Amino acid sequence: GRHRRIDALDDIEILRLPTIVPLRGRRRLRALSDLNFALQGLARSGTLQETDAVLSISPGNPWSALVGTAIARGSTRHICLVHDVQTGLAAGGSAGTLLEAPIRLSERWSLNTADAVMALSSEMTDSLRSIGVRRPLDVLPLWSTIDPPSQYPVLEPEVQYSGNFGAKQGVEALPVVVSGLAAAGIPMRVRGSGPRFESLLPELWRSSNGLLEVEDLVPPSMLPAALGRSPIHLVLQAPGTGGSVMPSKVLNALASGATVIAMADRESTVDRLARHTDGLHTVPPSEPGLMVQAVRSLMSEARDPSTRQRIASAAQQAFSRAAVLTRLEVALQTDEPPHDCGVPSDEGTGPRG
């Protein structure tokens, strides 16, 4: 919203500052929103009470680490947690060469002000080293945010895509997928938002032969039920972005007991994770036909209650929220980030036991 307010989460007070929300993802408005965040954070940093630790998250905002450093004032532990490598996304996107150099400079400059940087996978830390980030780097994997279902009924055959409709998701492949599924008589359930959601919907309707369900986003309390109603979930990624992101929807879909079919670059984080994760399968980016083939071959097994229970149980064990957040707590409280908070790149991104 455009107003300052104070919220509460349990006993934690949250100060929310005015934001400028860009319409339809326009880059100029997004840059204005980012600048608004940075200026407000820097201006208020000197008025905030001293704290034990600062955690900045990028993105968020390309300058969130700068704001975190200003709040830390040189005497407080400051870790920046990188969820997407922005330089890698720019290189993989349509704007590519025009934006890559200034984004690299901005990202490197901002992240090098933190005491330490933690990313979601070893592929992402490698990407950060390659653009010149020289702060201590380590891996802090994502975790599942939902609990496994209590029951596993036999599900009707359908496929779900839920999440953001943006450039890095490669959602241009969705109409081809929907058309291929419709030809096989398999319905598609879509739930999401983002800059390309409204513009893509008419094409999805035309491709679906009436086998399309479109839903609004649901609150967190309803997410487990919403994810658990579909036996197969799709995850899309634009070509060339796999080493810069780790889609959180993968872990939550697995935790719900769903089979996940993901577009992923070879040797990317998701591709490596699929080698040892029950229920996760990959196809190359920009190959929607292979995704449709995978759905058709996996649908019968994905609907089976025993399969779904096995997938959910394995995900719960591998992507424990308690284990990952305990490691983050240690990193915020010590002079060095933990060096065992993620498994090596050849073993995926799940936290050690």
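Caption draft 1: Examining the side chain of Glu 158 more closely. By the element assignment, Glu 158 lies in the loop between β6 (137-139) and β7 (159-164). A distance of 2.5 Å separates the side chain of Glu 158 from the side chain of Ser 230, its partner in a polar contact. Ignoring any residue separated from it by four or fewer positions in sequence, one finds Glu 158 in contact with Ile 186, Pro 187, Arg 189, Arg 229, Ser 230, Pro 231, Ile 232 and Met 299.

Caption draft 2: A look at the sheet that holds strand β4 (residues 77-82). Read from one edge to the other, the open sheet built from four strands follows the order β3-β4-β5-β6, with strand pairing classed as parallel. Each end of this open sheet is capped by a strand with a single partner; those strands are β3 (53-58) and β6. Between one strand and the next, the sheet's axes are offset by a mean angle of 25°, whatever the strand orientation. Across six bridges, the pairing between β3 and β4 is parallel. Bridge pairing in β4 links Ile 57 to Leu 81.

Caption draft 3: Molecular detail of unusual backbone geometry. Backbone geometry at Glu 267 places phi at a positive 70°, although glycine is not the residue there. If you trace the backbone, Glu 267 turns up in the loop between β11 (259-263) and α10 (269-274).

Rules used throughout
- Residues numbered from 1 in each chain as written.
- Predicted model: local features only at pLDDT ≥ 70, side-chain atom pairs only at ≥ 80, totals over all residues.
- Heavy atoms only, no water.
- Helix = DSSP H or I, 4+ residues; strand = E, 2+ residues; numbered from the N terminus.
- Polar contact = N/O pair within 3.5 Å; in protein donor to acceptor, adjacent residues only side chain to side chain.
- Contact = heavy atoms within 4.5 Å.
- Pairing = 2+ DSSP bridges.
- Axes fitted to C-alpha atoms, helices over the stretch in contact; angles between N-to-C directions.

This is a description of form; function is not addressed.
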